[in-house]
Amino acid sequence: MNRKKIVIIEDEPDILEVLSYNLKREGFIVLTAFDGDAGLSLVKKEKPDLVLLDLMLPGTDGIKICSSIKNDSDLHNTLVIMVTAKGEESDVVLGLGVGADDYVSKPFSPKELVARVKAVLRRGTLLELSPEKEKVEYGDLIIDVAKHKILVKGEEIKLTATEFKILHYLASSSGRVFSREQLLNKALGDATIVVDRNIDVHIRGIRKKLGIQPSVIETIRGVGYRFKE
Ligand code: CA
């Protein structure tokens, strides 16, 4: 088995130890750094598959590190999970904006974190995803991109073009959280003329029309939306 390499950048020794122990036990190769600058150097040297990145760090902060990784042609495929303090949703939005692949909020259980690491490794980076998946099926819901059709329990549902794009985009990357801005820019693209730039309105429309309870689109409070995994 190809063992995946993980770099943990975290300045709290206790947390670092727990994370390191639990990930090693799962068979990962784990390398650690206590501050931002050492962390970034380590990432450049080791080219890990995934970085577990605390945002509040001495030296270069997590947002800057994430941005450096994602803007480096050698490193941009590196997966990044941000570790944020509770209630710092604005940091999460910033992090997603600079390309972070997911986040966990403190406090979290080691079990939860390991599960998240595995999920992110499984689905890969956004660049590797195929947002153009032709057909997405989730329970009673079928998104048929080729025919531009949405079916719920076999019945066709009419969505606006904007709603269709947002739903398709979210569903193609299920389990991944997107900020509102990302949805606007990535799902709809710059060239699209969007009558209403308010993502919440479109999401409300999609949920209502699909009529699936609970909704397949989850609200992540203060951050954005994700399609159920
Ligand atoms: Ca910290």
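Keep in mind it's a predicted model, so treat the numbers as computed, not measured.

## Quick word on the UniProt feature "modified residue: 4-aspartylphosphate" (unreviewed entry) in the chain
Phase 1: Feature annotation in UniProt assigns "modified residue: 4-aspartylphosphate" (unreviewed entry) to the following positions: Asp-54.
Phase 2: Owing to a relative accessible area of 4%, Asp-54 belongs among the buried residues under this scheme.
Phase 3: Those residues in contact with Asp-54 that sit more than four places away from it in its chain are Ile-9, Glu-10, Asp-11, Gly-62, Val-83 and Lys-106.

## Observations concerning helix α2 (residues 36-46)
The periodicity of an α-helix, 3.6 residues per turn, causes residues three or four positions apart to be oriented the same way.
Phase 1: Within α2, burial applies to Gly-36, Gly-39, Leu-40, Leu-42 and Val-43. Buried residues of α2 fall within an arc of 160° about the axis and therefore sit on the same side.
Phase 2: On its buried side, α2 packs onto β1 (5-9), β2 (29-33), β3 (50-54) and α3 (62-70).
Phase 3: The distance from a side-chain oxygen at the start of α2 to the backbone nitrogen of Asp-37 is 3.0 Å, and the residue carrying that oxygen is Asp-35.

## Observations concerning the environment of Lys-44
Phase 1: On the secondary structure map, Lys-44 appears in helix α2.
Phase 2: Apart from residues lying up to four places away in sequence, Lys-44 is in contact with Asp-72 and Leu-75.

## A few points about the packing of helix α6 (residues 161-172) against helix α7 (residues 180-188)
Phase 1: Contact geometry for α6 and α7: axes closest at 9 Å, N-to-C directions at 100°. If you check the angle between α6 and α7, you find them roughly perpendicular. For the pair α6 and α7, contact is made by Thr-162, Lys-165, Ile-166, Tyr-169 and Leu-170 and by Leu-183, Lys-186, Ala-187 and Leu-188, respectively.
Phase 2: Taken together, the residues that form the contact of α6 with α7 break down as 6 nonpolar, 1 polar and 2 charged.

## Quick word on the environment of Ala-100
Phase 1: Along the chain, Ala-100 turns up in the loop between α4 (89-97) and β5 (102-105).
Phase 2: Not counting residues within four places of it along the chain, the set of residues in contact with Ala-100 comprises Cys-66, Val-80, Met-82 and Gly-95.

What counts as what
For every chain, the first residue of the written sequence is number 1, and numbering continues from 1 onward in sequence order. Note on the predicted model: pLDDT of at least 70 is required for a residue's local features to be given, and 80 or more for side-chain atom pairs to be given and counted; whole-chain, interface and lining totals, by contrast, use all residues. With hydrogens and water set aside, each side-chain value is computed from the structure's full complement of heavy atoms. UniProt positions are given in the numbering used here, feature names are shortened, and annotations may be inferred rather than shown by experiment. Exposure classes here rest on a 1.4 Å probe applied to the protein chains alone. A residue is buried below 20% of its type maximum, exposed above 50%, and partly exposed in between. Contact criterion: two residues are considered in contact whenever any of their non-hydrogen atoms come within 4.5 Å of each other. Only DSSP runs of H or I reaching four residues or more are called helices, and only runs of E reaching two or more are called strands; each is numbered from the N terminus. The arc under discussion is defined with respect to the helix axis, by the directions toward the C-beta atoms. In protein, a polar contact means a hydrogen-donor-capable atom and an acceptor-capable atom, both N or O and within 3.5 Å, with residues adjacent in sequence counting only if both atoms are side-chain atoms; elsewhere, any N or O pair within 3.5 Å suffices. Whenever a helix is involved, its axis is fitted only over the stretch in contact; in every case the axis is a line through C-alpha atoms, and angles between N-to-C directions fall within 0 to 180 degrees. In what follows, roughly perpendicular refers to angles from 65 to 115 degrees, roughly parallel to angles under 35, roughly antiparallel to angles over 145, and oblique to any angle outside these ranges. Note that Gly is not counted as nonpolar here; it falls among the polar residues with everything else outside the nonpolar set of Ala, Val, Leu, Ile, Met, Phe, Trp, Tyr, Cys and Pro and the charged set of Asp, Glu, Lys and Arg.

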